[in-house]
Amino acid sequence: MLTKKKDIEKLSVAAIRSTCIDGINNANSGHPGAALSLAPIMYVLYRDFLIANPFKPNWINRDRVVLSAGHASMLLYTILHLCGYNVSTDDLRNFRKLDSKTPGHPEFGVTEGVDASSGPLGQGIAQAVGMAMAEKMLRRQYSKSLFKHYTYCICGDGCLEEGISQEAITFAGLQKLNRLILIYDANDITLDGPLSNSDDNNVKMRFEAVNWNVITVKDGNDIKEIRSAFTKAKKEKERPTLIIFKTIIGYGSKNEGTNKVHGAPLGEEDGNNAKLKYGYTYPPFEIPSEVYDDFKETFIARANEKYEKYNNYYQQYASTNPDKAELLEKLINNDYDDLIDKLQFDVSTFKSDSTRNISEVLLNYYHDNLPFLVGGSADVASSVKTNLKNGVNFTALTPGGTNINWGIREFLMLSASNGMLLHGGLRTYSGSFLVFSDYAKSAIRMAALSNLPAIYLFSHDSIAVGEDGPTHQPIEHLTMLRSIPNLNVYRPCDAKETYGAYKAALKSKTTPTAIILSRQTLPLLDSSLYEGDFEKGGYLVMKTQKEAPDGVILATGSEVSLALEVREELLGQNLHLDVVSIPCYDVFEKQSEEYIKSVIRAPRNKVFSLEMGSTLGWYRFSEHPYGIDTFGLSGKDKDLLKHFKFTKDDVCEFIVKYLKK
């Protein structure tokens, strides 16, 4: 039995590395390189520093860990197994297999102890920035003792090459997120070869230039130096910290230090030889009791102590701050619908206006009444109308502020918002032009994949943007957003539908919502809805008196009022059409076939869709989509509408051509 600390440390690191080799070999798939180079660092982090509870994995005050280099997932699963999380040896054997708890990259909600889905390089850093922001905000809103934890993020060379990394580290330095610690596996290798093929950054200077504390560990296998680096990082009071660990990728393999070990299993022979170099002679997936005891006596013992201490403090806090404690419980448990239902905006005040202006009124209303609603815009608050009349800016000096000035960083904004939602305790909104959703599409996809109820306010929704021209006029963007699974895209036609979209977005728990807003004024329609059938994503906004209509026009946003004008015009030609508003295509498509048929009361060859954007997607319901499948042009909005034939007369001519065949 081992008794010396150094011997136990050596055995534990060897067990972690060897189990990673076993899991990847067993799957015949995976990335051993970073798992083997990072093993000593992750060992020290969990054994000696991390505060979390494997038996209460969603504890709000736990330290967060984001594996931005998500391809090293086998390392994380092995550590979680040793730390007592619900990850069994069988789960390790099932690495990368269908329906396992141990997928190829970490997935939030699939594996206990995984705080963020990761893998698309660089996004983990931005998510970690969001988590650190949430901790700082909530500490000011509630108590320093209720929220006093660190966010650790593990990245590699590839993460730091992605552009989002610079957006994230610049913002973190500006906000002085001193409880954010970035662990950099500096092994100087990427998938295609040496890092020098593509990058010769002075990383230390890069981070120091944006107000980071930087610590360098020259030997990523030196447990003493690793421990010292984490100790120093946690003492930093002003700046986020980067720890540069110089490591050897695929340590122990015959191909160590090369790209050959980045993303291919070592195989049985090389794996066994590597284990012998570690001094590890146990069969595959067998871990000696001393290793489990090592984590029981450190990580688990610390978890029990800190969790009990926290609960004692929380009880005291709740007794003196019952309202705040009740709100926090609701947010932690995702049970706050009653707070939203109590808020009933006075719809009698609505009028004809642009939906971005209506959105501004609603956003301020909800912000003033929901203290957990935070967000901002990518430097377009005055255009997207996300200015808060009673909002305080979130800054290093005012961390309790709820208005975030993200700067011109759409990708960071949405990815960091994901991190804030992953942290818990807050709801986020983000504003930008619809056309610039392209910059952040990967973060939107990550929110949908992670079941995060992010809210996106995308304005300037069509060619009606006008003189800004085709670079700012969205065409394919609605289709792109609607194609993302588990994302609800609302394009309201007036003030009432905008209100309905807000309510739906705020009550969503596992689905992000994009609300698409107009710059131009839209009329307030007598027959539009904000509840009832609106909640089904589509409804009859105008129904013909005939038992069976001659045709149906499906429309969204500004085109709903145009469809009503067309309907009125065609009545003079003895054509009787229904008009259907589809504020949320995604929700409508999920309704029963019976409901859909009750709304779209005509065969497909008599159904017309009307939307100023790509026609792709509308063929689901209509044989005759009317849209724009080319880029826009620069010019006055009225001239553009005429050029692209979005006038009453042009649409009438199109419909008559098919109905009178």
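Note that the coordinates shown come from a computational prediction; the quantities given were computed from them, not determined experimentally.

Visitor: Any chance you could break down the overall build of the protein for me, citing the residues and the numbers?
Guide: If you tally the helices and strands in the protein, you get 24 helices and 20 strands. In summary, the protein has a C-alpha radius of gyration of 28 Å against a globular reference of 26 Å for 661 residues, a match within 12%. Taken along the three principal axes of its C-alpha coordinates, the protein extends 95 × 60 × 45 Å. Out of the 661 residues in the protein, the part that is buried amounts to 61%. Considering only residue pairs separated by 6 or more positions, the protein has 78% of its internal contacts joining residues 24 or more positions apart. Of the accessible surface of the protein, which amounts to about 26000 Å², a share of 48% is contributed by carbon and sulfur atoms. Taking the 75 positively charged and 81 negatively charged side chains of the protein as two groups, their mean positions are separated by 4 Å.

Visitor: Could you give an account of the pattern of salt bridges, naming the residues involved and the relevant values?
Guide: The final tally for this structure, using the stated rule, is 27 salt bridges. Salt-bridge contacts for Asp 341 lead to Lys 507; the nearest nitrogen and oxygen are separated by 2.8 Å. In this pair, Asp 341 is assigned in helix H13 (residues 337–342) and Lys 507 in helix H19 (residues 495–507), connecting sequence segments 166 residues apart. Lys 536 is the partner of Asp 533 in a salt bridge, and the nearest nitrogen-oxygen pair spans 3.7 Å. Shared partners join several salt bridges into a network, and the residues in it are Glu 9, Arg 47, Asp 48, Arg 227 and Asp 294.

Visitor: Go over the sheet that holds strand S7 (residues 241–246) with me, naming the residues and quoting the values.
Guide: Across the sheet, which stays open at both edges, the 5 strands sit in the order S1-S2-S3-S7-S6 with parallel pairing between neighbours. Strands at the two margins of the open sheet, each flanked by one partner only, are strand S1 (64–67) and strand S6 (213–217). Averaged over all pairs of adjacent strands, the angle between their axes in this sheet comes to 20°, without regard to strand direction. Strand direction decides the pairing type here: strand S2 (residues 151–156) and strand S3 (residues 180–186), joined by 6 bridges, are parallel. Bridge assignment links Thr 151 to a residue of S3, and that residue is Leu 180.

Visitor: Please give an account of helix H16 (residues 410–423) that cites residues and values.
Guide: For H16, built from 14 residues, the straight-helix expectation of 20 Å at 1.5 Å per residue is met to within 8% by its first-to-last C-alpha distance of 20 Å. Burial runs high along H16: 14 of the 14 residues are buried. With its phi angle positive at about 95°, Gly 424 sits one or two positions after the end of H16.

Visitor: Outline the sheet that holds strand S17 (residues 551–555), supporting the account with residue identities and numerical values.
Guide: Across the sheet, 5 strands lie side by side as S16-S18-S17-S19-S20; this open sheet has mixed pairing. Of all the strands in the sheet, the pair left with one neighbour each is strand S16 (539–542) and strand S20 (624–626). For this sheet, the mean angle separating the axes of adjacent strands, direction not counted, is 30°. Where S17 and strand S19 (residues 607–610) come together, 4 bridges link them in parallel fashion. What sits directly across from Ile 553, in S19, is Phe 608. Its contacts with the sheet place helix H24 (residues 648–659) against S17, strand S18 (577–581), S19 and S20, and it is angled at close to 175° to S20.

Visitor: Would you mind going over the nonpolar core in detail, with residue names and values included?
Guide: In terms of nonpolar packing, the biggest core is built from 162 residues, with Leu 481 and Ile 655 touching the most fellow members. A per-element tally of this core places helix H5 (residues 123–141) first, with 10 residues.

Visitor: How would you explain the packing of helix H2 (residues 32–49) against helix H9 (residues 223–235) if you had to name every residue and give the values?
Guide: The relative placement of two packed helices comes down to the angle between their axes together with the axis-to-axis distance. Direction vectors running N to C along H2 and H9 enclose 55°, while the axes themselves pass 10 Å from each other. Here H9 runs oblique to H2, going by the angle between their axes. Judged by the sense of rotation from one axis to the other, the crossing of H2 with H9 is right-handed. Along its contact with H2, which presents Pro 40, Ile 41, Tyr 43, Val 44, Leu 45, Arg 47, Asp 48 and Phe 49, the element H9 presents Ile 223, Ile 226, Arg 227, Phe 230, Thr 231 and Lys 234. By residue class, the composition of the contact of H2 with H9 is 9 nonpolar, 1 polar and 4 charged.

Visitor: So what's going on with the packing of aromatic side chains? Residues and values would help.
Guide: In this structure the tally under the stated criterion is 38 aromatic pairs. Ring centres of Tyr 499 and Tyr 530 lie 5.2 Å apart, and the angle between their planes is 40°; on these two criteria the pair is classed as tilted. Of this pair, Tyr 499 sits in helix H19 while Tyr 530 is found in the loop between strand S15 (521–522) and S16, placing the two residues 31 residues apart along the sequence. Each member of the pair Tyr 499 and Tyr 530 is classed as buried.

Visitor: Residues and numbers for the pairing of strand S12 (residues 455–459), please.
Guide: Of all the 5 residues making up S12, 5 are buried; the element is thus mostly covered by neighbouring parts of the structure. Neither face of S12 is exposed, since Ile 455, Leu 457 and Ser 459 on one face and Tyr 456 and Phe 458 on the opposite face are all buried. As paired elements, strand S11 (residues 427–433) and S12 share 5 bridges and run parallel to each other. Note that in S12 the partner of Phe 433 across the bridge is Ser 459. Crossover handedness for the path S11 to helix H17 (residues 441–449) to S12: right-handed. As paired elements, S12 and strand S14 (residues 513–516) share 4 bridges and run parallel to each other.

Visitor: Go over the side chain of Asp 586, please, and point to the residues and values.
Guide: For Asp 586, the position within the fold is in helix H21 (residues 585–589). The buried charged residue Asp 586 lacks any salt bridge partner; its closest oppositely charged side chain belongs to Arg 482, at an N-O distance of 5.2 Å. With sequence-adjacent residues up to four places away left out, Asp 586 is seen in contact with Arg 482, Leu 487, Asn 488 and Val 489.

Visitor: I'd like a rundown of the pairing of S3, residues and numbers included.
Guide: A regular strand places its side chains so that they alternate between the two faces of the sheet. By the criterion of burial, S3 is predominantly enclosed, with 7 of the 7 residues buried. Along S3, one buried face is formed by Leu 180, Leu 182, Tyr 184 and Ala 186 and the opposite face, lined by Ile 181, Ile 183 and Asp 185, is buried too. Here 6 bridges tie S3 to S7, and the two strands are oriented parallel to one another. Looking across to S7, one finds that Ala 186 is bridged to Lys 246.

Visitor: Which residues make up a positive patch on the surface, and what values do they have?
Guide: A cluster of like positive charges, contributed by Arg 140, Lys 144, Lys 148, Lys 237, Lys 306 and Lys 309, occupies part of the molecular surface. Inspection of the secondary structure puts Lys 148 in the loop between H5 and S2. Since its relative accessible area comes to 54%, Lys 148 is described here as exposed.

Visitor: So what about the packing of helix H14 (residues 355–369) against H19? Which residues, and what values?
Guide: Contact geometry for H14 and H19: axes closest at 9 Å, N-to-C directions at 45°. What the angle tells us is that H14 and H19 run oblique. Helix-helix and strand crossings are classified by hand; for H14 and H19 the assignment is right-handed. Along the contact surface, H14 presents Thr 355, Ile 358, Ser 359, Leu 362, Leu 363 and Tyr 366, while H19 presents Ala 495, Thr 498, Tyr 499, Tyr 502, Lys 503 and Leu 506.

Visitor: I'd like to hear about helix H10 (residues 267–278), residue by residue, with values.
Guide: Taking 1.5 Å of rise per residue, the 12 residues of H10 would be expected to cover 16 Å, and the 16 Å separating its terminal C-alpha atoms lies within 8% of that figure. Asp 270, Gly 271, Ala 274, Lys 275 and Tyr 278 are the residues of H10 that are buried. The buried residues of H10 occupy an angular sector of 140° when projected down its axis, which confines them to one face. Exposed positions of H10 whose direction lies more than 90 degrees from the buried face are Glu 268, Glu 269 and Leu 276. Considering only its buried residues, H10 is in contact with helix H1 (5–27) and H2. Remark: Gly 279 follows H10 within two positions and exhibits a positive phi of approximately 75°.

Rules of the game
- Residues numbered from 1 in each chain as written.
- Predicted model: local features only at pLDDT ≥ 70, side-chain atom pairs only at ≥ 80, totals over all residues.
- Heavy atoms only, no water.
- Helix = DSSP H or I, 4+ residues; strand = E, 2+ residues; numbered from the N terminus.
- Rg over C-alpha atoms; globule rule 2.2 N^0.38 Å.
- Buried < 20%, exposed > 50% of the residue type's maximum accessible area, 1.4 Å probe, protein only.
- Contact = heavy atoms within 4.5 Å.
- Areas by Shrake-Rupley, 256 points an atom, 1.4 Å probe, with all protein chains shown as cover.
- Lys, Arg positive; Asp, Glu negative; His and termini not counted.
- Charge placed at Lys NZ, Arg CZ, Asp CG, Glu CD.
- Salt bridge = Lys/Arg side-chain N within 4 Å of Asp/Glu carboxyl O.
- Pairing = 2+ DSSP bridges.
- Axes fitted to C-alpha atoms, helices over the stretch in contact; angles between N-to-C directions.
- Expected span 1.5 Å × (residues − 1).
- Core = buried A, V, L, I, M, F, W, Y, C linked by side-chain atoms within 4.5 Å.
- Parallel < 35°, antiparallel > 145°, perpendicular 65-115°, else oblique.
- Left-handed = near helix turned anticlockwise from the far one by under 90°.
- Nonpolar A, V, L, I, M, F, W, Y, C, P; charged D, E, K, R; others polar.
- Phe/Tyr/Trp six-rings, centres within 6.5 Å; stacked < 30°, edge-to-face > 60°.
- Right-handed = clockwise from strand over helix to strand, strands pointing away.
- Patch = residues over 30% accessible without salt bridge, like charges linked within 9 Å, V, L, I, M, F, W, Y side chains within 5 Å.
- Arc of directions from axis to C-beta.

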